[in-house]
Each structure stands twice: as C-alpha cells, then as structure tokens.
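Next come the chains, spelled out residue by residue.
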Amino acid sequence: MNQKASGILLDISYSSGEQEESLITLFVKTSEGIQRFVDPAFRPYLYLTAKNPRKVMEYLNAHPFPDGSRIIGTETVTKSSHENAVKVVFRNTVELSNNRPALKKIDGVLRLFESDILYPKRFLLDHRLSPLNEVEVEFTENNGRKEIHSIASEPGGPLQLNLLAFDLETLAPGRFSDPSQDPILTIGVAATGVESVVFTYGKGFEGQKNVKVCSDEKETIEAFISFVQEFAPDGIVTYNGDSFDFPYLKTRCEKYGLKLGVGHGKSEPSQKKISIFNAQKLRGVQHVDAFQIVKFLARMAVITSPKLDLESVVKHVFGFEKEKLPVESINEIWNSRKNTERLIQYNREDTEFTLKLANQFLPLFIELGRITQQTLFDATRSTSSVNVESIMMQEALARGALIPTKPSSEEAEERNQSPIQGGYVREPVQGLHERIAVLDFRSLYPSIIISHNISPETLNCPHASCVKGSNQAPEENTWFCEQEKGLIPSVLARVLEKRIEVKKKMKAEKDPLQINALNAQQHVLKILLNSSYGALIYPRFRWYCRECGQAATAWGRHYVKKVMEEAEQNGFRTLYGDTDSAMLQVPAEKEKKDIEAFVERINAKLTGSMELEFKGFYRRGLFVSKKSGGAAKKKYALMGFDGKMEVVGFESVRRDWAILVKELQRKVLEAVLAEGDPQKALEEVRRTVKRLQEGKVSKKELVIMTQLRRQTQNYQAIGPHVAAVRKAESEGKKFSTGSLIEFIITRSGKSISDRARLSESVKEGDYDSDYYIHHQVLPAVEKIFEELGYRKEDLLHGGKQSSLFSFEGH
DNA sequence: TAATTCGCTAGACCGA
DNA sequence: TCGGTCTAGCGAA
C-alpha cells in the first residue's frame, strides 16, 4: 500500500559497501518528527562519449573491470552539448569511482562526464530536489524501511527550525585544553523556545537558577546528551564546534565509554573533510557551526569585524559588549569554587549568543541551500565556486548538456600559470576637489557576460555571421555567438531577473517573516551574481574559460573608459575610476539633474542588462600622493553634502595600523574635508606625538593586528608579527595559522621585529614612542597635510602657517 | 584542494 | 650603512 508524507527535506546521505548496492537515504522533518526514507532504485552513473557508442557498450557489457566488478547497464543518450554519449550505470559508488581510470582506457572512449558528481548531489539534481524545501514523498513500508516511489519538492517560505546551541567550558591548566587530560567543566545549552540551561558538577552551584548540577563529569555529559535527545532538534549550533566542541566532547565520551548519540536515531557525529578542514557531521540533524557562517559572511564583506572570535562578532553584529572570561579566571573559579555564577553566566551567554547568531543569519543559508541544492550543513560550509557550480549544473541538466568534470591538478596548475588582465584603474587627479559625482556599473561583469553572451560554448562559434559579427571583445581575437544563448549567460540572466522579481515582492509584502525570507533570497542571488565572474576564471572550476574571463574584463575596461571619455565631452572632468566606476568633477554651472541626464544618455546606448548607476554626489573629495610620487590609486576620502565621510583604502580602514593612528587620521581627514580647521587637526597631531613621548598612550591604542598566514618556520622574511609569535612560541605558546596576532613595538631590541612583542605580554607604558611617531603617526597624516601645503617638518614643531594658504595658488 | 587582479606599503634582506 | 629588491599583508573592485 502506497503511503504519503510531507515535510522539510533536511538531510541526504548514502551507504555504500564493496559488495552491496549504494543506497540513498533522505531525512524529512514531518509533523511526527524527523523521518527516514530510502530509495533502493536509484543507482550511481556517469556518462562517456565514444567514437562508436555501440562498440563501447558491447565491450562493457561483455567484460568485467580489472577489479572483477561489472557495470549494471548502459544506454545511449542524446545530449545537446556532445554527440555519441553513453550513460553507464554502476552498482555502487565505490565501483564507479574505482573504475574510472579503466573506463578511460577502453578503446574508443573519448571522455568521461559527470563522473565526479557526488551521489547525493546526483540524486538531488535528477529529482530537482532542494534541501530545506517542502517535499512530498510517496512510499511503501517494507520491513520497517520506508521505500520511496516518488518525491518532489516545492519552493518554501520562511522556515522555522528547532535549534539547540551548546558550548563547552574546559579546564586549561596553564596551557591550551587537551581533551585527553582536561575535563569539561560546564556545558551550556540554549534552544528554541526554552530557557537556557548550564550542565555542570560538584559543589558551589547551590541555588543558581537553570543550572543542572551533576555529581561528576561523566554524569554531566550524560545529562547533556539526554537533554539533546529529548529535545530532538532539527539543527545543533556551535561556535567552532567543527574543530573544538564536538571533537572535545567526542574524546571525553570515549574516555567514559559514552555514546555521543545526538544525531538522528542516536547516531554519533562523524568527521567530514571539507576542502582543507574537518567538519563534524551528524546524520539527519544539521550541525551548524556559527563560526563557519561568520567566516563566510566575512568573505562576502557582510561582517567586517577584523577579529572573528565570539566576543568581537557579538559586539559587531548586536552591539553587545560580552564579558570575556580569561582562562586563568575559569581555572581559578573551578578550583576555588568561588564566584561560580560568573563561570555559569559566561558559559550561558556564549551559548545564547551562538543561538542568536544562528537565528540572525540562518535565513540566508536556508535560501542558499534551497537555491544551490545543498543541505544546511553544506550550505553553511560552502565556497563561492561550489555555489556557482551548483546553479550551473542545474542549468546544464535543464538544457540536456553534459556537465564537464573538474580539472585535474595538472590542468589547474597550468591554468594558474596564465593570469588574466583585470580591471582598469585610472590614476587620480591628486588634491582636494569640490563637487564630485560617483557613477558605477551595476554588477559590471555579470551584466557584460549576459549582454555579450560570454560562455565556453559560445566562444569563437563557427557561424559565419558571428565570426565577422559585431560581438568581438575589444582588443581581443575572441567573439561570442549571436544566435544561441550560452549556458552561463542564461543562468546569470535568470538570477538577475529573479532578484529583481524578489525585490519587487519584498516591497509589496507586509509579513515581517516573509520579508526576512525574501530579503535573504535576494541577498543570496546577489552573492551568486557577484561570485560568478571569479568562478569563471578559477582554475578548478568546471566551466573555467580563460578567454571568457579575458573578454569580460576587456569589455569592462572598454565601457568604463568610454564613460570617462564621454563625461569629458559633456563638460565633466574625470578625477578617478576603478574597474566599474568613474568619479567626475561637476562644474559649478551643472546640477544633479545634469548628472542624471548624462547617466541616462549612457544607459540609452548600453545593450542588454548593462546599467550605469548614479551612486552619489559629494561636496568634496581628497586624493593624496603615493610615497613614491604620483597620485595613489585605491585610496581616497569623500565628504557628502550631509557631512558624512567615506574613507577608502586609507590606513584608517586597515586593521594592520594602531587604533591611535587610525582615529587620528580620521580626524585629520574630517578637518580637511569638512572645511574645518586644519590648524586644529595639526594641534591634534602634535598632542598625539606629545602623549606618545610622555609614555601616556595605553596598550589598547598601540596594538597592531596582523594575520599569521603560515606556520612560523615557513616564513622567509620575519616580519614583526612573526617575530612576536616566535618569541611566544619559545615560551611554549601555540598558534594556528589564520589567527590574528596583536603586537606592540617595545623599546628593547635592535630591528623593529626584535622589538615586537605580543600585546598580552607587554606591560602598559612599554612602547617605542619613536617608532609610533615616525612609522605610524607621521606616515599616516603627512600626505594629507601635504595637500594643504604643510610639510612634514611643520607637523612636529613650530606653528608654521606660512604655507597654509599656499595651496590656493596651485 | 577557500572566486579574481590591481595597487600600496612596511620592513626584512642583501650586496656594494 | 646605504639603497634597491623581495616578501608579506591588506584592501578595492
């Protein structure tokens, strides 16, 4: 008897043994909890192209592979992209992947396709199923196994998941916690719709609310596991659970012979390698590591906090100053059993904010998962190229084209050797300017790709009319088909249209939950659009196309130069431009509407989806000179008519400069641009210099942050941050690559690196004032004062004003 | 084995 | 000790 069920598709996995058939398993959140379905009929397969498909099929059906296994079926198929394609079906994924080399060697086989698509992804693609969407399943129950007959998904609206966040505090006796020796002290749990609980053990917690006190660590872990099992969450949230909380908990469980059964059916977490790091995966239940989310958002410039630890991110996102309990205090509280409520509060807050972060950003990843056919687990750990690849795969399937395999390492390496030319950056007109209009192209590269039909299959097409046609890239010997729309332009056009549609819907919507979901959707579409060009020239991308990338940037340079040229012809002066933008000086006799009219005229001439936008009109702008002379590119400050200042590229927006200097530079820029008092700004500089000299500047203002991007022994040139870390390493401290190093230049040592020390091991007042004056303060402000006619000497001493007004002369 | 290229700057490094 | 070159990091787009 056929039965039906519906719910949210949460997870997909498969089992594959050497001897048995691979089996797809789906986990669906239904009204009766998470249910498990299998599809015994679905088999893994790949495609090959052959000179003579029949011959290859005959051969395959008659001969086993060297490992003794046999294919279970072949079929000729018609594909729009290639002729003579054959589908080859395998019993399981192991046999498929093991026999790819043998298959390639068979006489008459030209190429393999889709042989590296993971089995669950294959299933989702073929069934047009998206995780996190609503699915309808038709199934029969067989020996307790729910076997799928049919399954289909529908786009879903806002999705409310039952989440449970947890966070561990562990003992760190004078070193980093080691799960093989150091116990877990507390486990904080926060979950949707219930009050947070902290699990702990021992004395000193009497009378504290929502604290579950056990007799020992083992019992604490058991109580935690039972709590999770009873709550039965759809997702478990951590902050860095991939590399800390889950592995730690696992090791402690092993010590006590406990099963960390927090997945579906009390299954335990397993390690899954994702590119270069290990993630902790649960079956059915989605492990969301909020730290991975934050890293993704930092790459997309949605989160701009330089440090990504929970405290910094919470401050950045929620504006809340969370207390950070130092490890020494944790140890002390634990050992003395005094002030235990501080430890509890700290753990509770960490856990609650971890959940809050997930709630804040999950809608984005839910939409990403839906659009790119990934589970929440994968979507939150995904990369740009995988996301773009995913929507291209869907398009390839829809148009019956074969999906190319990923390039081999050698191919990728070779592609790496020939970088392509990027955008055009115009040298700015140095100095202080009035009335500046900023114009830029909306999604420049995607809109060029769409408008000029740039795609691997349309490149240098053989149609006679295209060969000598009008769609040739400027200064390049490449052209693109004008008759058939390419795969990449089709995808991007759809994404662009969809985004416009979603934004429209959003405007009309009243329900805040709906608006939130729609906003997440349009944001995901924007992210996909923005990363599409990068993917195209990423050496490991399936649809990598060097000529396509080269053509896109060639058109980009062409269009942006054209705008500057026409602007000049229309009475504007081009001050600067970078890749997709032009900054124009607007003469006094022109108004805002003249700029708008100019933009309109340009847009009337632009084809397809290309569009120039009028981004803003500014009262004043400043371009300074480079140290080596000439005007500096990618470095400017603008002042709006509303008094708001935008600083780009200057030291004050860089994390590797001391806060003292960054704040000072902003003040100086303000003074210059707001037509304030440069003399006041000068006083400010002198005051700062004096404070430095008198030793009055606090550590906090002097810290310089730099990322440690490799292990210390792998550096050729030992910069200050590496030197500081090496000193700390010799004292037994450990550092991982990617961590932010906070250091201060002290007085003891010869070279700058010799004098660099980790901020945490420097006493207040121990800093090299000469270094901060001559290597930080002055370089950051002198170029700005230079534009006002001041010289470097004027900054330090005397009240020289003679040259103050001299800039009016030139 | 995390999308790209363009550009600036600091400070080490190295040979004269 | 100097000045040029190289390594490294970060930001703009």
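See above for the structure.
Source: prediction; values computed, not measured.

### Describing the overall build of chain A
(1) Moving on: Counting its secondary structure elements, chain A contains 26 helices and 27 strands.
(2) Moving on: Its C-alpha atoms give chain A a radius of gyration of 31 Å, near enough to 28 Å, the size a compact globule of 810 residues would have.
(3) Moving on: With the C-alpha coordinates aligned to their principal axes, the bounding extent of chain A is approximately 95 × 85 × 55 Å.
(4) Moving on: For chain A, contacts bridging at least 24 residues in sequence account for 64% of all contacts bridging at least 6.
(5) Moving on: Counting only carbon and sulfur atoms, one obtains 47% of the accessible surface of chain A, whose full area is about 37900 Å².
(6) Moving on: Side-chain charges in chain A split into 113 positive and 108 negative, and the spacing between the mean points of these groups amounts to 2 Å.

### Concerning the protein's contact with DNA strand B
(1) Moving on: Every one of the 33 residues lining DNA strand B counts as a neighbour, but Tyr-538, Lys-626, Ser-753, Tyr-771 and His-775 are closest to it.
(2) Moving on: Ser-384 is positioned such that a nitrogen or oxygen atom in its backbone is 3.4 Å from a phosphate oxygen of DNA strand B.
(3) Moving on: Between DNA strand B and Ser-753 there is a distance of 2.8 Å, counted from a phosphate oxygen to a backbone nitrogen or oxygen.
(4) Moving on: Elements that contribute at least two residues to the surface near DNA strand B include exactly α12 (384-398), α24 (752-755) and α25 (769-786).
(5) Moving on: The element best represented in the surface near DNA strand B is α25, accounting for three residues.
(6) Moving on: Taken together, the residues that form the surface near DNA strand B break down as 15 nonpolar, 12 polar and six charged.

### What to know about the state of the cysteines
(1) Moving on: According to the stated counting rule, one finds one disulfide in the structure shown.
(2) Moving on: The closest cysteine sulfur to the non-disulfide-bonded Cys-253 is located on Cys-214, 13 Å from its own sulfur.
(3) Moving on: We classify Cys-253 as buried; its relative accessible area is 1%.
(4) Moving on: With no disulfide of its own, Cys-461 lies closest to Cys-466 among cysteine sulfurs, the gap being 3.6 Å.

### Focus on the packing of helix α5 (residues 217-231) against helix α6 (residues 241-256)
(1) Moving on: The N-to-C vectors of α5 and α6 enclose an angle of 120 degrees; their axes lie 10 Å apart at closest approach. With respect to each other, α5 and α6 are oriented oblique. The handedness of the crossing between α5 and α6 comes out as left-handed. Across the interface between the two elements, Glu-217, Lys-218, Ile-221, Phe-224 and Ile-225 of α5 pack against Leu-249, Arg-252, Cys-253 and Tyr-256 of α6.
(2) Moving on: Here the residues of the contact of α5 with α6 sort into six nonpolar, no polar and three charged.

### Details of the side chain of Gln-374
(1) Moving on: Mapped onto the elements of the fold, Gln-374 is located in the loop between α10 (340-372) and α11 (376-379).
(2) Moving on: The buried category is assigned to Gln-374, whose relative accessible area is 8%.
(3) Moving on: There is a polar contact of 2.8 Å between the side chain of Gln-374 and the side chain of Thr-372.
(4) Moving on: Polar side-chain contacts of Gln-374 include one of 3.2 Å to the side chain of Ser-382.
(5) Moving on: The residues touching Gln-374, leaving out its near neighbours within four places in the chain, are Pro-131, Leu-132, Gly-369, Ala-379, Ser-382, Val-386 and Asn-387.

### Quick notes on the pairing of strand β15 (residues 270-274)
(1) Moving on: Examined bridge by bridge, β15 and strand β16 (residues 277-281) share five bridges and lie antiparallel to one another. Residue Lys-273 lies in a different strand from β16, and its bridge partner there is Asn-278.
(2) Moving on: Following β15, the chain reverses through two residues before pairing antiparallel with β16; Ser-275 in that reversal takes a positive phi of roughly 45 degrees.

### A few points about the protein's contact with DNA strand C
(1) Moving on: Surveying the vicinity of DNA strand C reveals 18 residues, the closest of which are Asp-580, Tyr-636, Arg-655, Tyr-715 and Gln-716.
(2) Moving on: By atom count, sugar and phosphate contribute 85% of the portion of DNA strand C lying within 4 Å of the protein.
(3) Moving on: One of the side-chain nitrogen or oxygen atoms of Tyr-636 is found 2.8 Å away from a phosphate oxygen of DNA strand C.
(4) Moving on: One of the side-chain N or O atoms of Arg-655 is found 2.7 Å from a phosphate oxygen in DNA strand C.

### Section: the sheet that holds strand β27 (residues 756-758)
Remark on secondary structure: sheet strands pair via backbone hydrogen bonds, oriented parallel or antiparallel.
(1) Moving on: Strand order in the open sheet made by the three strands is β25-β26-β27, with antiparallel pairing throughout. Both outer strands of the open sheet, β25 (704-707) and β27, are each paired with one neighbouring strand and no more. Taken pair by pair, the neighbouring strands of this sheet meet at an average axis angle of 45 degrees, ignoring direction.
(2) Moving on: Lying over the sheet, helix α23 (residues 720-730) contacts β25, β26 (740-745) and β27, oriented at roughly 55 degrees with respect to β27.

### Structural notes on the sheet that holds strand β6 (residues 85-89)
(1) Moving on: Ordered by their spatial adjacency, four strands build an open sheet running β5-β6-β4-β7, and the pairing between neighbours is antiparallel. Among the strands making up the open sheet, the edge pair consists of β5 (73-77) and β7 (109-113). Each neighbouring strand pair of the sheet contributes to a mean axis angle of 30 degrees, computed without reference to strand direction.
(2) Moving on: Across five bridges, β5 lies against β6 in antiparallel orientation. Counted as the bridge partner of Thr-74 is Val-88 from β6.
(3) Moving on: Its contacts with the sheet put helix α1 (residues 53-62) on β4 (45-50), β5, β6 and β7, and the angle it makes with β5 is roughly 170 degrees.

### Points about the packing of helix α14 (residues 444-451) against helix α16 (residues 487-508)
(1) Moving on: Running from N to C, α14 and α16 cross one another at 125 degrees; their axes reach a closest spacing of 8 Å. Compared by their axis directions, α14 and α16 come out oblique. Read as a crossing pair, α14 and α16 show a hand that is left-handed. Counting all contacts with α14, which are made through Pro-446, Ile-449 and Ile-450, the residues of α16 involved are Ile-488, Pro-489, Leu-492, Ala-493 and Leu-496.
(2) Moving on: The residue inventory of the contact of α14 with α16, partitioned by class, reads eight nonpolar, no polar and no charged.

### Some thoughts on the environment of His-721
(1) Moving on: Inspection of the secondary structure puts His-721 in helix α23.
(2) Moving on: Under the relative-accessibility criterion, His-721 is labelled buried at 12%.
(3) Moving on: Separated by 482 residues in the primary sequence, His-721 and Tyr-239 place their C-alpha atoms 26 Å from one another.
(4) Moving on: Not counting the four nearest positions on each side in its chain, His-721 is found in contact with Thr-706, Gln-707, Leu-708, Tyr-715, Ile-741 and Phe-743.
(5) Moving on: Among the polar contacts made by the side chain of His-721, one reaches the main-chain carbonyl oxygen of Gln-707 at a distance of 3.2 Å.

Reading the values: rules and limits
- Residues numbered from 1 in each chain as written.
- Chains lettered and ligands numbered in written order.
- Predicted model: local features only at pLDDT ≥ 70, side-chain atom pairs only at ≥ 80, totals over all residues.
- Heavy atoms only, no water.
- Helix = DSSP H or I, 4+ residues; strand = E, 2+ residues; numbered from the N terminus.
- Rg over C-alpha atoms; globule rule 2.2 N^0.38 Å.
- Contact = heavy atoms within 4.5 Å.
- Areas by Shrake-Rupley, 256 points an atom, 1.4 Å probe, with all protein chains shown as cover.
- Lys, Arg positive; Asp, Glu negative; His and termini not counted.
- Charge placed at Lys NZ, Arg CZ, Asp CG, Glu CD.
- Near = heavy atom within 4 Å.
- Polar contact = N/O pair within 3.5 Å; in protein donor to acceptor, adjacent residues only side chain to side chain.
- Nonpolar A, V, L, I, M, F, W, Y, C, P; charged D, E, K, R; others polar.
- Disulfide = S-S within 2.5 Å.
- Buried < 20%, exposed > 50% of the residue type's maximum accessible area, 1.4 Å probe, protein only.
- Axes fitted to C-alpha atoms, helices over the stretch in contact; angles between N-to-C directions.
- Parallel < 35°, antiparallel > 145°, perpendicular 65-115°, else oblique.
- Left-handed = near helix turned anticlockwise from the far one by under 90°.
- Pairing = 2+ DSSP bridges.

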